[in-house]
Amino acid sequence: MDFQNLSQQKPDSGQRSPEDALKQVFGYERFRPLQEEIVRTVIAGDNALVLMPTGGGKSLCYQIPALVRPGTAIVISPLIALMQDQVAALRQLGVRAAFLNSTMDMQQAWATENALMTGELDLLYCAPERLLQPRTLELLHQASISLFAIDEAHCVSQWGHDFRSDYLGLDLLAHEFAQVPRIALTATADERTRQEIAQRLSLVDARHFISGFDRPNIQYRITPKTNANKQLLDFIKEEHKDDAGIVYCLSRNKVEATARMLCDNGYNALPYHAGLSAEERASNQERFLREDGVIVVATIAFGMGIDKPDVRFVAHLDLPKSLEAYYQETGRAGRDGNASTAWMVYGLQDVIKLRQMLEGSPGNETFKRIERQKMDAMLGLCEVISCRRQVLLRYFGDALEQPCGNCDTCLTPPQTWDGTVAVQKALSCVYRTGQRFGVTYLIDVLRGSENDRIRQSGHHQISTYGIGDELSANEWKSVFRQLVANGYLRADPEGYGALQLTPECRPLLRGEAEVLLRKDPVQKNEGRKRGRSAASEHVSDPQGWEALRGCRKRLAEEQGVPPYVIFHDATL
Ligand code: ADP
Ligand code: MG
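To start, this report covers the structure provided alongside it. (Residues numbered from 1 in each chain as written. Chains lettered and ligands numbered in written order. Predicted model: local features only at pLDDT ≥ 70, side-chain atom pairs only at ≥ 80, totals over all residues. Heavy atoms only, no water.)

1. A closer look at the overall build of the protein chain
The helix and strand tally for the protein chain stands at 25 helices and 17 strands. Burial analysis of the protein chain (572 residues in total) assigns 53% to the buried set. Sequence separation of at least 24 residues holds for 74% of the intrachain contacts in the protein chain that already meet a minimum separation of 6. Here the protein chain displays about 25000 Å² of accessible surface, and carbon together with sulfur accounts for 48% of that area. (Helix = DSSP H or I, 4+ residues; strand = E, 2+ residues; numbered from the N terminus. Buried < 20%, exposed > 50% of the residue type's maximum accessible area, 1.4 Å probe, protein only. Contact = heavy atoms within 4.5 Å. Areas by Shrake-Rupley, 256 points an atom, 1.4 Å probe, with all protein chains shown as cover.)

Shown next, in the form of structure tokens:
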């Protein structure tokens, strides 16, 4: 690396204002909302936790303080490609930036370290594992450090979708460099992730900056999968004929096949996945960035940090594994603020495939439980009948007062069924079992399953036992997912998978409100199992389950009030 060519001299600290840096170095007229406050906080030497959607402008939040404060800013970034792009872009602007990572040989690394020690760098990008090496830490102690920026900070969280164990070690910065301000930045953080980031990076006392997650120029559309290729071709042909776009698929094979299929149909489509050579990936990414109207067909390996403003559509041929992933991937569309489409087809097969991948993955049981919940939230978004944007934003703790009027559910209201009674049954089952159980167990209770767990808990004796055999287990799952997606139920914060009631469900439990649920189109392909097939095959009933179920129903009839309507309870 040739540091002599980094001609721009760093101005004396304090002489350049953040506004000057914004205009003179980056060429922007004004700060975006929150950027200015964040920049001032860090310049003042305070810690910050920044939540801003993809494309929101997080980089400036540490790049400007890096130019204003004396010393070198250390930027921790998880991806080498991302690091290289950012450094290249900064150097074009005349900023003295460099990176340290495993792609460099000894000599290059040494030159960079030397530049750090002699104060010739404004920013040094560094992979977390590199930063945590004793040698690097020792150098940092001797250098003058202006701030630490921890980019993609959700990598520290198991709730986030990109967990990296190296990020856990970054907590030591808080203790070893207590006087240096730290700023952590992420686009993906629901409440739990946010808490976890704050705790694991010792940023509990930091100022939190949360900017709106709404991307009003993105239209969200989710359709049941019938013939995915044809659906995709129709969509592109009718709405995005010459546009740049990203098509996400789950597997490398499908990426290759889909890219070929698009090329056969006259589109300029390129594959991108981890199985390609580094050169091929770099070249495909480069063409996507530079040429007009290129479609990249990719696995999730593609995209982090891709800054192409005019991506007009993001299409998903497979279900992402969480809302965080969905939001981040769709967020790559329309960074320039112009109308763009987030389009997806999904089917029950997707769910099964994702579940299988998860169950076969090496993660421990806690990890899998969390991932299962995230998948359910994703499916919940597919199944809502209300505004998708509202549901998506609610998940991230952001509110949208009115339905957006632009997503598919707003434009074409989906077919529904009156789920009032089913919902009352589901909610009262949660209530009567003490808000301590997950979906599978609750459905077992509702459908009157005969198992030891139920008998041991005594839940075969409660009034919601066996009152829900009119729906199949899968239909109940859809009911529960919709309840979670609509905010009537939430998963317990500890992550055990138990469902808990929210204040929103009070009127439903009292029988004072009606609920419409989406007719679940993905159910059609599946063999429906209605009723308790196992029970009906039982000739004898030694444990008396059948009698119990009968008893519940009789009781309900005698009382005249369904057992699933709960009128008053101090705790509700
Ligand atoms: P993030 O890291 O939040 O996804 P980036 O920092 O990569 O977003 O910024 C996204 C885009 O917004 C970039 O092209 C960046 O140059 C642009 N940008 C950021 N701040 C401003 C600003 N104040 N004015 C104009 N453009 C900006
Ligand atoms: Mg970024």
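Next comes the rest of the description.
2. With respect to the site of ligand 1
For ligand 1, the set of nearby residues contains 15 residues, the closest of which are Tyr28, Arg30, Gly55, Lys58 and Ser59. Lysine 58 places a side-chain nitrogen or oxygen 2.7 Å from an oxygen atom of ligand 1. Compared with its free state, where it exposes 570 Å², ligand 1 has 78% of that area covered by protein. Considered class by class, the residues forming the shell around ligand 1 number four nonpolar, six polar and five charged. (Near = heavy atom within 4 Å. Polar contact = N/O pair within 3.5 Å; in protein donor to acceptor, adjacent residues only side chain to side chain. Nonpolar A, V, L, I, M, F, W, Y, C, P; charged D, E, K, R; others polar.)

3. What to know about the side chain of histidine 240
Tracing the backbone through its elements, the reader meets histidine 240 in the loop between α11 (228–239) and β9 (244–248). Accessibility expressed as a relative area gives 5% for histidine 240, which makes it buried. Within the structure, histidine 240 has its side chain in polar contact with the side chain of threonine 341 (distance 2.7 Å).

4. Describing unusual backbone geometry
Positive phi values are uncommon outside glycine, yet glutamate 152 reaches one of about 50°. Secondary-structure assignment places glutamate 152 in the loop between β5 (145–150) and α8 (165–168). With a phi angle near 55°, glutamine 435 is a residue other than glycine that sits in the positive phi range. Within the secondary structure, glutamine 435 sits in the loop between α19 (420–432) and α20 (439–446).

5. So, the nonpolar core
With 110 residues, the main nonpolar core has Leu123 and Ile183 as its most contacted residues. Residue contributions to this core peak at seven residues, all from helix α3 (residues 59–68). Ranked by size, the runner-up nonpolar core spans 30 residues in total, among them Ala422, Val423, Leu471 and Leu517. (Core = buried A, V, L, I, M, F, W, Y, C linked by side-chain atoms within 4.5 Å.)

6. Comments concerning the packing of α11 against helix α12 (residues 252–264)
One can describe the packing of α11 onto α12 by two numbers: an axis separation of 11 Å at closest approach and a directional angle of 50°. By the angle between their directions, the pair α11 and α12 is classed as oblique. In the packing of α11 onto α12, the handedness of the crossing is right-handed. Listed contacts from α12 to Asn229, Leu232, Leu233 and Ile236 of α11 are Thr258, Met261 and Leu262. Of the residues belonging to the contact of α11 with α12, the class tally is five nonpolar, two polar and no charged. (Axes fitted to C-alpha atoms, helices over the stretch in contact; angles between N-to-C directions. Parallel < 35°, antiparallel > 145°, perpendicular 65-115°, else oblique. Left-handed = near helix turned anticlockwise from the far one by under 90°.)

7. Some points on the sheet that holds strand β6 (residues 182–186)
Strand order in this open sheet of seven strands is β3-β4-β2-β5-β6-β1-β7, and the pairing throughout is parallel. Lying at the two open borders of the sheet, with one neighbouring strand each, are β3 (97–100) and β7 (207–210). Within the sheet, the average angular offset between the axes of one strand and its neighbour, ignoring direction, is 20°. Alignment of strand β2 (residues 72–76) against β5, held across five bridges, turns out to be parallel. Bridging from a neighbouring strand, alanine 73 pairs with leucine 147 of β5. Along the sheet, helix α4 (residues 80–92) makes contact with β3 and β4 (123–126), crossing β3 at roughly 160°. (Pairing = 2+ DSSP bridges.)

8. Some details on the pattern of salt bridges
Applying the stated rule across the entire model yields 23 salt bridges. Residue lysine 425 is joined to glutamate 470 by a salt bridge in which the shortest nitrogen-to-oxygen separation is 2.7 Å. Placement of lysine 425 in helix α19 and of glutamate 470 in the loop between α21 (452–457) and α22 (473–485) is noted, with a sequence separation of 45 residues between them. Counted as one network, the salt bridges with shared partners bring together Glu19, Glu36 and Arg40. (Salt bridge = Lys/Arg side-chain N within 4 Å of Asp/Glu carboxyl O.)

9. A word on α12
With 13 residues, α12 extends 18 Å between its outermost C-alpha atoms, agreeing within 8% with the 18 Å of an ideal straight helix rising 1.5 Å per residue. Within the sequence span of α12, burial applies to Val255, Thr258, Ala259, Met261 and Leu262. Seen along its axis, α12 keeps its buried residues to an arc of 160°; they face one direction. α12 presents Asn253, Arg260 and Asp264 as exposed residues on the side facing more than 90 degrees away from its buried surface. Here the buried face of α12 lies against α11, β9, β10 (269–272) and β11 (295–298). Glycine 266 sits one or two residues past α12 and shows a positive phi near 90°. (Expected span 1.5 Å × (residues − 1). Arc of directions from axis to C-beta.)

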